[in-house]
Amino acid sequence: MNDNPFERLLALKDTMTPWALRAVVTLNVPDLLAGGPLDVPELAARTGTAPDALHRALRLLAARGVFTEPEPALFAPTGLSRLLESGHPMSLRPWLDLDGAIGRGDRSCVHMVEALRTGSPVHERAYGRGVWDDLAADPALAASFDEAMHHRAAMLAPALAAAYDWRTVRHVLDAGGGTGAVLAELLRSHDHLRGTLLDRATAVAAARAAWGDTAEGRRCTFVEGSFFDPLPAGADVILLVNVLHDWPDEHATALLRRCREALPPGGRLLVAEHVRDATADAGLLELDLLLLLVYGGRERTLDDFRAVASPAGLELTEVTRTKAGVSLLAHFPRVTW
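So, here's what we can say about the structure. (Residues numbered from 1 in each chain as written. Predicted model: local features only at pLDDT ≥ 70, side-chain atom pairs only at ≥ 80, totals over all residues. Heavy atoms only, no water.)

Before going further, it helps to spend a moment on empty space enclosed by the protein. Applying the stated rule across the entire model yields 1 cavity of 30 Å³ or more. Considered as a void within the structure, the largest cavity measures approximately 30 Å³ in volume. What lines the largest cavity is Ala101, Arg104, Gly105, His123, Val131, Asp134, Leu135 and Leu141. Of all the elements in the fold, those that place two or more residues in the lining of the largest cavity are α8 (101–107) and α11 (131–137). (1 Å grid on protein atoms, 1.4 Å probe; cavity = no way out; pocket = protein on both sides within 12 Å on 5 of 7 lines; lining within 4 Å. Points joined across faces, edges and corners; volume = space filled by probe spheres on them. Helix = DSSP H or I, 4+ residues; strand = E, 2+ residues; numbered from the N terminus.)

Quick look at unusual backbone geometry now. Positive phi, normally seen in glycine, also occurs at Asn28, with a value near 70°. Tracing the sequence through the fold places Asn28 in the loop between α2 (16–26) and α3 (29–33). Judged by relative accessible area, which is 31%, Asn28 ranks as partly exposed. Residues other than glycine seldom take positive phi values, yet Ala73 does so here, at roughly 65°. Its location among the elements puts Ala73 in the loop between β2 (68–71) and β3 (74–76). (Buried < 20%, exposed > 50% of the residue type's maximum accessible area, 1.4 Å probe, protein only.)

Moving on to the state of the cysteines. Inspection of every chain in the model, using the stated rule, returns 0 disulfides. We note that Cys259 lacks a disulfide partner, and the nearest cysteine sulfur, in Cys220, lies 17 Å from it. (Disulfide = S-S within 2.5 Å.)

Read across the sheet, 7 strands follow the order β6-β5-β4-β7-β8-β10-β9 without closing on themselves; strand pairing throughout is mixed. A single partner strand is all that each edge strand has here, and the edge strands are β6 (220–224) and β9 (314–321). The average angle at which neighbouring strand axes cross in this sheet is 20°, direction not considered. Across 3 bridges, the pairing between strand β4 (residues 171–175) and strand β7 (residues 237–241) is parallel. From the neighbouring strand, Asp174 faces β7, where its bridge partner is Leu239. Packing of helix α13 (residues 181–189) onto the sheet brings it into contact with β4, β5 (194–199), β6 and β7, and relative to β5 it is tilted by some 180°. (Pairing = 2+ DSSP bridges. Axes fitted to C-alpha atoms, helices over the stretch in contact; angles between N-to-C directions. Contact = heavy atoms within 4.5 Å.)

If you walk through the whole model with that rule in mind, you get 8 aromatic pairs. With a centroid separation of 5.8 Å and an interplanar angle of 85°, the aromatic rings of Trp132 and Phe145 are classed as edge-to-face. In this pair, Trp132 is assigned in helix α11 and Phe145 in helix α12 (residues 139–162), connecting sequence segments 13 residues apart. Residue classification places Trp132 among the partly exposed residues on the basis of a relative accessible area of 25%. Site record: aromatic cluster; members linked through ring pairs are Trp132, Phe145, Phe227, Phe228, Trp247 and Tyr295. A cation over an aromatic ring shows up here: Arg22 above the ring of Trp19, its NZ or CZ 5.2 Å from the ring centre. Its guanidinium or amino end placed over the ring of Tyr127, Arg104 lies 3.8 Å from that ring's centre, counting from NZ or CZ. (Phe/Tyr/Trp six-rings, centres within 6.5 Å; stacked < 30°, edge-to-face > 60°. Lys NZ or Arg CZ within 6 Å of the ring centre and 35° of its normal.)

This brings us to the sheet that holds strand β1 (residues 38–39). Spatially, β1-β3-β2 is the arrangement adopted by the 3 strands of the open sheet, whose pairing is antiparallel. Here the strands that pair on one side only, and so sit at the sheet edges, are β1 and β2. Bridging between β1 and β3 involves 2 bridges; their strand directions are antiparallel. From the neighbouring strand, Asp39 faces β3, where its bridge partner is Leu74.

Most of strand β10 (residues 327–333) sits inside the fold, with 5 of its 7 residues counted as buried. The pairing of strand β8 (residues 268–273) with β10 spans 5 bridges and is classified as antiparallel. Its bridge partner lying in β10, Ala272 is registered against Leu328. Two strands pair when backbone bridges link them, and β9 and β10 are joined in this way by 7 bridges, in the antiparallel orientation. Its bridge partner lying in β10, Thr320 is registered against Leu328.

Listed below in structure tokens is the structure:
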């Protein structure tokens, strides 16, 4: 770590690197370089950019290790840039593309001062409507959101499939499960399970198209709907994966109340999320702040989870940390309602 406080502050205030990175991803530069080095005139022609301006951005990113510049004005990929290619299985492209939902949300961060003053999200100030209305109004934006969530869920899915005794479960309702990456893995790993996937129409349609005709898909019911409405009955486990952190406390409790209403006797709710504590790293704290600015949500401590679950008639009974870093929080309905 650099011990010079002035230089440390200069590094923390870096404005250009995050936005240059997002800009070249949006322009598909990592994909263009995937086959090997290209010079600036060729890259500028293919991206519709001014050569000198593009060169400046690429020089900065090369200095940061994202690309290399083996010869003046000639750029080549690195291990970092491979993670930005659209075809990489762990691609970060959906999270950085400024034409997509996540990048669009990042741009609202210029209104952070207002968020700090009001404690409320600022997406509506930036775009004239809240994030969920924004997605509902633009199918392409919604599809980009679903893609980003799919990548994140796919990374969590194997750990969640291994972190719980699913032998005791008959039917899982994945509420807000996006394109079903987690549910599909559960059904694939545990062939006695049946599933129900509930989410927005665009996500459910993508899930049905991707794996509806597989063995897992034939054991799954695909339902378009909102988890703020009454949930489909029949599941003995309801699963929420990275759902609650998108919502402020009152909405989280309303959502949990819907889960409580849909659970049969002996049923349980499983919540998969990060648990914020005194050891939370900077990455989780950054996400916590972003959730406020864009969604009005938050990363929660165990006490926070108890506080939103209790008014919904649910009791947190067990916490299991998974190999993916998120925790699986088991809730059971209280006997008295």
